[in-house]
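Observations on chain architecture
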2 protein chains.
Amino acid sequence: MSTGPSGRKPNLAVVGATGAVGTVMLGILSERADVWGEIRLVASARSAGRKLIVRGEETEVVALEEEAFDGIDVAMFDVPDEVSARWAPIAAAKGVVVVDNSGAFRMDADVPLVVPEVNPHAVRVRPRGIIANPNCTTLSMIVAIGALHAEFGLSELIVSSYQAVSGAGKEGVDTLRSQLAAVAGTELGTAPGDVRRAVGDTGPFPAPMALNVVPFAGSLREDGWTSEELKVRNESRKILGLPELPVTATCVRVPVITTHSLTVHARFEKEVTVGRAHDILRSAPGVVLCDNPAEGEFPTPADAVGTDPTWVGRVRRSMDDARALELFVCGDNLRKGAALNTAQIAEVVAAELTSS
Amino acid sequence: MSTGPSGRKPNLAVVGATGAVGTVMLGILSERADVWGEIRLVASARSAGRKLIVRGEETEVVALEEEAFDGIDVAMFDVPDEVSARWAPIAAAKGVVVVDNSGAFRMDADVPLVVPEVNPHAVRVRPRGIIANPNCTTLSMIVAIGALHAEFGLSELIVSSYQAVSGAGKEGVDTLRSQLAAVAGTELGTAPGDVRRAVGDTGPFPAPMALNVVPFAGSLREDGWTSEELKVRNESRKILGLPELPVTATCVRVPVITTHSLTVHARFEKEVTVGRAHDILRSAPGVVLCDNPAEGEFPTPADAVGTDPTWVGRVRRSMDDARALELFVCGDNLRKGAALNTAQIAEVVAAELTSS
Ligand SMILES: NC(=O)c1ccc[n+]([C@@H]2O[C@H](COP(=O)([O-])OP(=O)(O)OC[C@H]3O[C@@H](n4cnc5c(N)ncnc54)[C@H](OP(=O)(O)O)[C@@H]3O)[C@@H](O)[C@H]2O)c1
Ligand SMILES: NC(=O)c1ccc[n+]([C@@H]2O[C@H](COP(=O)([O-])OP(=O)(O)OC[C@H]3O[C@@H](n4cnc5c(N)ncnc54)[C@H](OP(=O)(O)O)[C@@H]3O)[C@@H](O)[C@H]2O)c1
């Protein structure tokens with residue numbers, strides 16, 4: 001697989017290389033099997049000239065403009081929605097295969113939404129030359145759910161999230177860290193509004209994150225649902241190929257730096273057992289089963305952060321419904337939830353380009 | 001109502017006056033209409049002689065022994081299960097009406113489990129002379145659920161909790177505060193195990209609480225369920241008088257000092273609308289509706305802590321089931337979740353004693 005489109009390894013652009021996702025991406029590109037020729041780092045004009053390390057080499061960041069895609073075969077976009085919406089089609093028009101991490105194209109019928117462990121085949125059908133990466137909340141659970149679905153046939157999902165602040169980018173992390181500095185060593189957290197007064201600025205969040213949980217992520221949409229909750233619903237349906245699947249999500253932000261967790265109530269067409277679910281999860285690619293609470297084994301963000309797989313534990317069968325399972329799931333929102341999945345998709349494209 | 005059992009106000013003992021719940025109880029007794037004669041403070045022999053303030057007066061703590069109940073009409077027990085299990089029957093045998101906050105008697109068929117807004121009538125039938133107070137997780141949602149049930153007829157509950165560390169008593173609070181001091185000002189939270197190494201001792205919790213969420217509260221019971229999850233199920237059924245109600249809970253601890261939150265998926269016999277649910281919650285005693293996300297209004301623990309009511313927001317009707325509502329609920333686990341509900345029950349008993 002060392003020969004690319006013209007007998008060479010394909011060239012890659014990382015657009016948004018300086019952001020929260022981009023930073024993790026550079027680490028991932030340095031760790032994984034090296035399928036790339038040039039790796040070009042792109043960000044806003046503000047960052048042009050900065051030097052970042054990828055594959056052990058200092059690489060200068062270039063500004064996002066049309067020329068940034070000259071000679072590039074595959075581009076990963078780790079930038080805000082509006083930047084992707086404008087620039088992904090420009091890159092695609094130049095023949096670049098775009099793997100986009102933003103929300104701009106995920107529900108576009110002509111853009112596949114891909115999780116390589118679940119629907120790798122979808123990569124090949126990309127009429128717009130763009131492949132979308134799911135949002136991090138969906139990604140933090142969907143590999144495990146996909147494996148159970150393949151065996152039991154999913155019929156309903158009801159999930160609640162425990163989302164890390166890095167889901168709101170670098171600004172989210174900085175906000176929680178400075179709020180924690182303001183509350184640590186105090187007696188705050190027992191009088192109404194005391195935390196709110198102490199932390200001051202809430203940054204990108206609609207309420208304090210330190211010593212708090214915030215039942216609102218994203219923006220407000222129809223009938224009281226948030227954009228984040230609708231993403232979990234619509235993206236899960238699209239990835240699993242179940243356009244009518246009932247999916248209900250309540251998305252809540254928690255004071256964790258990185259790694260999203262979810263409680264999952266999953267109902268299936270077939271009867272389930274914990275033993276069979278354990279077997280499936282134990283052998284599913286990209287999943288780690290961590291479920292022995294008698295020995296203190298269950299996933300937590302503090303243990304799952306920085307790792308690639310989806311961690312699954314607290315597997316129970318509903319006491320009222322032999323076809324329903326309860327799970328607790330953790331996934332690093334910057335790795336599998338963003339950069340890793342994008343890298344995996346890009347590698348599938350690279351393999352296709354080099355074999356064609 | 002100024003004349004008690006023998007023409008006087010009834011005398012009250014607060015057993016466990018020095019604990020997390022007891023401390024909040026002394027504040028609540030100082031704020032509410034004063035229906036009590038003597039208030040006697042009781043704790044372990046370790047605390048005997050300590051002076052605490054209640055109703056503005058310094059009061060000496062006495063040790064828990066039979067004589068502590070001499071002349072007492074009503075005793076609140078805010079002590080560990082095993083202390084209640086031993087001492088509540090001793091007090092009851094002396095004619096004292098016991099209101100117990102522990103888990104020792106809640107599922108005893110001869111002990112009513114009471115939430116005054118939901119089943120106040122149950123107070124009067126107490127063959128053992130003991131009335132039980134529900135656990136704080138159930139109490140943090142049940143007033144709102146009870147109001148909706150009265151109108152729509154509840155048919156299923158699926159809940160996930162976001163439980164504060166003070167649910168594990170003073171030791172839980174001390175543990176989170178010292179862990180926060182260890183992680184504040186650091187870059188921790190992005191490498192596997194870095195938080196675990198930094199915080200060291202996990203205190204009463206099975207994993208670090210700072211920068212983490214922990215999907216395990218209480219102790220392990222049958223089929224992978226925790227004691228906390230089974231309490232939510234069994235106590236909700238008993239309080240609502242629905243012994244067959246399907247109830248599924250996943251209980252997760254979060255780094256919040258005080259106030260439990262829950263996401264609730266509630267299915268009803270009748271069709272629901274958000275408008276009607278709003279009307280019910282707006283007029284329900286003990287509930288505050290806080291549901292205008294367009295204006296940033298939703299409940300969070302930081303705002304609900306230190307207040308009496310159950311806060312409800314993020315009310316949505318399921319997109320797949322016209323009979324299901326999604327809610328986010330917050331309740332102070334030490335006030336309504338413990339001390340306040342106990343005080344309310346004791347006041348119902350006091351009114352009964354003084355009117356009989
Ligand atoms: N954080 C997550 O968990 C997560 C998960 C899945 C998907 N995503 C998505 O991934 C994307 C990036 O998120 P993030 O969290 O990494 O955000 P971030 O930390 O704010 O980084 C944003 C990146 O975009 C670049 N950028 C911003 N405006 C630009 C412009 N006009 N032209 C060129 N580059 C521009 C920034 O470059 P400068 O440094 O030069 O400003 C930076 O590299 C977003 O669409 C987000 O929704 C995030
Ligand atoms: N925390 C909550 O959110 C919550 C909510 C609902 C119900 N509850 C229940 O309420 C009870 C108290 O909880 P907590 O959180 O307040 O616990 P805590 O902070 O540990 O306080 C325990 C109290 O019990 C006393 N005590 C312990 N052993 C005793 C003994 N052998 N004899 C006499 N007194 C003894 C302690 O007195 P010393 O100070 O003298 O040791 C202290 O006053 C528990 O059953 C708990 O499950 C707690």
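Thresholds, definitions, all that
- Residues numbered from 1 in each chain as written.
- Chains lettered and ligands numbered in written order.
- Predicted model: local features only at pLDDT ≥ 70, side-chain atom pairs only at ≥ 80, totals over all residues.
- Heavy atoms only, no water.
- Pairing = 2+ DSSP bridges.
- Helix = DSSP H or I, 4+ residues; strand = E, 2+ residues; numbered from the N terminus.
- Axes fitted to C-alpha atoms, helices over the stretch in contact; angles between N-to-C directions.
- Contact = heavy atoms within 4.5 Å.
- 1 Å grid on protein atoms, 1.4 Å probe; cavity = no way out; pocket = protein on both sides within 12 Å on 5 of 7 lines; lining within 4 Å.
- Points joined across faces, edges and corners; volume = space filled by probe spheres on them.
- Patch = residues over 30% accessible without salt bridge, like charges linked within 9 Å, V, L, I, M, F, W, Y side chains within 5 Å.
- Areas by Shrake-Rupley, 256 points an atom, 1.4 Å probe, with all protein chains shown as cover.
- Salt bridge = Lys/Arg side-chain N within 4 Å of Asp/Glu carboxyl O.
- Lys, Arg positive; Asp, Glu negative; His and termini not counted.
- Charge placed at Lys NZ, Arg CZ, Asp CG, Glu CD.
- Near = heavy atom within 4 Å.
- Polar contact = N/O pair within 3.5 Å; in protein donor to acceptor, adjacent residues only side chain to side chain.

Attention now goes to the sheet that holds strand β6 (residues 97–100) of chain A. All names here are of chain A. Read from one edge of the open sheet, seven strands run β3-β4-β2-β1-β5-β6-β7, paired in mixed fashion. A single partner strand is all that each edge strand has here, and the edge strands are β3 (51–54) and β7 (130–132). Averaged over all neighbouring strand pairs, the angle between strand axes comes to 30°, with direction disregarded. One ladder, built from four bridges, connects strand β1 (residues 12–15) with strand β5 (residues 74–77); its direction is parallel. By the bridge assignment for β5, V15 is matched with F77. Sitting on the sheet, helix α1 (residues 20–31) is in contact with β1, β2 (39–43), β3 and β5, with an inclination near 35° to β3.

Turning next to the layout of surface pockets. Residues and elements named next belong to chain B. Volume-wise, the second largest pocket comes out at about 1300 Å³. Of all the secondary-structure elements, those providing two or more residues to the lining of the second largest pocket are α1 (20–31), β2 (39–43), α2 (81–93), α4 (169–183), α6 (227–240) and α9 (335–355). Per-element tally for the lining of the second largest pocket: the top contributor is α2, with four residues.

Among the surface-exposed residues, E171, D174 and D201 of chain A together with E187 of chain B lie close enough to one another that they form a single negatively charged patch. Secondary-structure assignment places E187 of chain B in the loop between α4 and α5 (194–199).

Attention now goes to the site of ligand 1. Residues and elements named next belong to chain A. Not every one of the 27 residues close to ligand 1 is listed here, only the nearest: T18, V21, S44, S47 and V79. In the model, an oxygen atom of ligand 1 is placed 3.2 Å from a nitrogen or oxygen of the G16 main chain. Against a free-state accessible area of 900 Å², the protein chains account for coverage of 80% of ligand 1. Broken down by secondary-structure element, the contributors of at least two residues to the shell around ligand 1 are α1, α2 (81–93), α4 (169–183) and α9 (335–355).

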